[in-house]
Amino acid sequence: MHAKNQAGRTRRLGRARRAFWRACVVLGAALLSASACARPAVPPVLYDWFAYDGHDAEFSPSLPPGDYRNPVLAGFHPDPSVVRVGDRFYLVNSSFAYFPGIPVFESRDLVHWRQIGDVIERPSELPYDGLGVSQGVFAPDISYHAGVFYVVNTFVGGGHGGGGSYVVTARDPAGPWSDPVWLPSVDGIDPSLFFDADGKAYLLYSGEPPGGSRYAGQRALWLQRFDPATLRLVGPRKMVLYGGVDPAARPVWAEGPHLFRHAGWYFLSFAQGGTGLQHSQMVLRGRSPWGPFQADPENPILTQRGLPAGRAQPVINAGHADLVEAADGSWWAVFLASRAYDGVHYNTGRETFLLRVRWKDGWPVILPHGEAVPFIAAGPAFMEREVTQAPLSGNFDWRDDFDESRLRRAWLYLRAPTRAWASLAVKPGWLAIDPSTAGLDSTHNPSFLARRQQHLVFTASTALEPPAQPGVDAGIALFQDDSHWYFLGFRRRGEALELFLEEDAGGPPRVVAHARLAPPRGELRLKIAGDRGSVAFAYASGQGGWRWLKRGADATILSTDVAGGFVGTVVGPYARLSPAGGRD
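Residues numbered from 1 in each chain as written. Predicted model: local features only at pLDDT ≥ 70, side-chain atom pairs only at ≥ 80, totals over all residues. Heavy atoms only, no water.

**Some thoughts on the sheet that holds strand E21 (residues 315–325)**
The strand order E21-E22-E23-E24 describes an open sheet built from 4 strands, whose pairing is antiparallel. Looking at the sheet topology across the chains shown, the edges are occupied by E21 and strand E24 (363–365). Each neighbouring strand pair of the sheet contributes to a mean axis angle of 35°, computed without reference to strand direction. Alignment of strand E23 (residues 351–360) against E24, held across 3 bridges, turns out to be antiparallel. Across the sheet, the residue bridging to Arg 358 is Val 365, located in E24. (Pairing = 2+ DSSP bridges. Helix = DSSP H or I, 4+ residues; strand = E, 2+ residues; numbered from the N terminus. Axes fitted to C-alpha atoms, helices over the stretch in contact; angles between N-to-C directions.)

**What to know about empty space enclosed by the protein**
Under the criterion given, the structure shown has 4 cavities of 30 Å³ or more. Estimates place the volume of the largest cavity at around 70 Å³. Considering the residues around the largest cavity, the lining is formed by 13 residues, among which Ala 139, Pro 140, Gly 256, His 258 and His 320 are closest to the centre. Of all the secondary-structure elements, those providing two or more residues to the lining of the largest cavity are strand E8 (136–145), strand E12 (189–195) and strand E16 (255–262). Of the residues assigned to the lining of the largest cavity, the class counts are 5 nonpolar, 5 polar and 3 charged. (1 Å grid on protein atoms, 1.4 Å probe; cavity = no way out; pocket = protein on both sides within 12 Å on 5 of 7 lines; lining within 4 Å. Points joined across faces, edges and corners; volume = space filled by probe spheres on them. Nonpolar A, V, L, I, M, F, W, Y, C, P; charged D, E, K, R; others polar.)

**Side note on the pattern of salt bridges**
Summed over the entire model, instances satisfying the criterion amount to 24 salt bridges. Between Lys 427 and Glu 465 there is a salt bridge whose closest N-O contact spans 3.4 Å. Taken together, the positions of Lys 427 in the loop between strand E28 (422–423) and strand E29 (431–433) and Glu 465 in the loop between strand E31 (457–464) and strand E32 (472–481) put the pair 38 residues apart, joining distant regions of the chain. In this structure, the salt-bridge partner of Glu 498 is Arg 493, at a minimum N-O distance of 3.0 Å. Through salt bridges with shared partners, a single network forms among Asp 473, Arg 491, Arg 493, Glu 498, Glu 502 and Arg 576. (Salt bridge = Lys/Arg side-chain N within 4 Å of Asp/Glu carboxyl O.)

Listed below in structure tokens is the structure:
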């Protein structure tokens, strides 16, 4: 008990220190903003290229003919929702505080995906500023009816009255999508739409039961009619599930619900147990979308809890599934799970996996009890054999020479930009970043372009021109949330340059390594090399070889289970305006 109390005091002290530090950051940002008119114009930082490569052991085995590799979307791609329209499948994921929001993927075979757009692509659509990294866009659902695509979603921490659910529509899933139409009566999360064969539409979501939750995590599932013509909810709502499967066992976090039909039954499928090691997928069925529903006696139909803790290359956290029927009558499930190291750590966040759905005694089975999610499985009969698009899974090398007219879809902003600080037009063939006062530890939009870390073993590198004047820090950041990140950068010290590595392991940030460099000749290069729970940082100048600034830094601080929240680690170019002398 004493150890527990001491741990609690330590956590409270840590939170107090972080709050104090962030208050200092806010005050400093305000002072810098107030004096912005007195600050001379700062030239942008120029990046020549950015490269990423990943090589994980579980992706190394060759694929037998007709098989595919899991996850089908590697890296931070959680909460998948999928719909089939003709011979095409469309899938969306949660994006939380990253912008553009809600990536839209297209596939002909459920295995090979190509991002074709984003649902939220205009900064004016949702108020991202001030959000925590794991707030914002939660668990979107995509559906299709009568020539129109629908996405319903909950925006947490902002939006209509400080948060809420909304619907957007599009004729083309690549966009543009409409502005959000808010659904003020939805007082929960994870809404999804179901269009029945008779043309009636229903909105299903997770919220508190009548009278409020009787214990932490108790939830109910609610159903209400939806009018596609007016995009409004109509008629009374009804609770279709109380608590979860077996309420006497006090189940928690019934969420991510979906309705679908098969063989004359309406199936109610939802996640239960939270997004960690107890995550699972449940299913019930009834003769009406309103219920009553009977639980599958073999629940859960998908989970990884209860498997041996010391197993090799573990997949954990499996759940939040969505089921879809292919044109050939086969059924498939997309779901989230995490590839872990040391049993519980996962820097790559929650990823999108795919498995065949088998039907047994009228019930869907995604994975038999006690089986591990496979990294290689038999693919659909209609799986494409030759695919030319850039890979989103497996081992691969990726490089951006910044020679296109617009940023690639792999790049993300942390919250929506309020000004255009990233440009490919300032110097053709280069990325120009205007540094800002917003830091990685703020809740605003820093001058940071991020791409997902998609492998446990990876390398990210870049080449840039050195900052032209003091007060500018520029380099590459490895980021989990606003209090868990690394920044490897350069700053001017007179005629020389200082290379530094800044770490935030819960606040406040601190410099953990640095080196003075002679005036450089040519470009500077920076490299981050990650290997599960360890990460190393290197630099090079001109044509010189790589030199290590620090090896063996702790990468577990970038794991979701350590940092908390729902996102994975991202990496990319970052530049900031800093007080004279930097922060040591």
